[in-house]
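Here are the chains, one letter per residue:
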Amino acid sequence: MKLCVAYELEGERFHHMPYHQSVLHKVTPIYEELPGWQTDLTEMTEPHDMPAAARDYLSFLEEQVGVPVRLVGVGPGRDQYVHFAA
């Protein structure tokens, strides 16, 4: 999976989406790549049930946004989620 982690313009790196459209249209996205997974997650109810690549992806998101992930929806049902303890 390619995940955009920054934008670059003329040697300057932005760690947020540029505010002005004139800048946004000129930037180059900077990507990090993480392995994906082909596993169906819809029946999973515990973090340890999830593939390691999925858990690594969630850890990556936590680092990027600075907020812990506590619930992850794994399907359309109200009871289809994985709860991560605090």
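Residues numbered from 1 in each chain as written. Predicted model: local features only at pLDDT ≥ 70, side-chain atom pairs only at ≥ 80, totals over all residues. Heavy atoms only, no water.

Participant: Break down the side chain of glutamine 80 for me, citing the residues and quoting the values.
Facilitator: Along the chain, the position of glutamine 80 falls in the loop between β4 (71-73) and β5 (81-83). For glutamine 80, a relative accessible area of 18% gives the class buried. A distance of 3.3 Å separates a polar side-chain atom of glutamine 80 from the backbone oxygen of threonine 42. In this structure the side chain of glutamine 80 is engaged in a polar contact, spanning 2.6 Å, whose partner is the backbone nitrogen of glycine 77. Every residue in contact with glutamine 80, bar those within four places of it in the chain, is listed here: Thr42, Val72, Gly73, Val74 and Gly75. (Helix = DSSP H or I, 4+ residues; strand = E, 2+ residues; numbered from the N terminus. Buried < 20%, exposed > 50% of the residue type's maximum accessible area, 1.4 Å probe, protein only. Polar contact = N/O pair within 3.5 Å; in protein donor to acceptor, adjacent residues only side chain to side chain. Contact = heavy atoms within 4.5 Å.)

Participant: How would you sum up the packing of aromatic side chains? Please name residues and give values.
Facilitator: Summed over the entire model, instances satisfying the criterion amount to one aromatic pair. Ring centres of tryptophan 37 and tyrosine 57 lie 5.9 Å apart, and the angle between their planes is 50°; on these two criteria the pair is classed as tilted. Pair noted here: tryptophan 37 is in the loop between β3 (28-33) and α2 (52-65) and tyrosine 57 is in helix α2, with a separation of 20 residues, a long-range link. Here tryptophan 37 falls in the partly exposed class, since its relative accessible area comes to 23%. Taking the ring centre of tyrosine 31 as reference, the NZ or CZ of lysine 2 above it sits at 4.5 Å. (Phe/Tyr/Trp six-rings, centres within 6.5 Å; stacked < 30°, edge-to-face > 60°. Lys NZ or Arg CZ within 6 Å of the ring centre and 35° of its normal.)

Participant: I'd love a proper account of the environment of aspartate 49, names of residues and values included.
Facilitator: Position of aspartate 49 among the secondary structure elements: in the loop between β3 and α2. Its relative accessible area of 35% is what places aspartate 49 among the partly exposed residues. Along the primary structure aspartate 49 and valine 82 are separated by 33 residues, whereas in three dimensions their C-alpha atoms are 9.2 Å apart. Polar side-chain contacts of aspartate 49 include one of 3.4 Å to the side chain of histidine 48.

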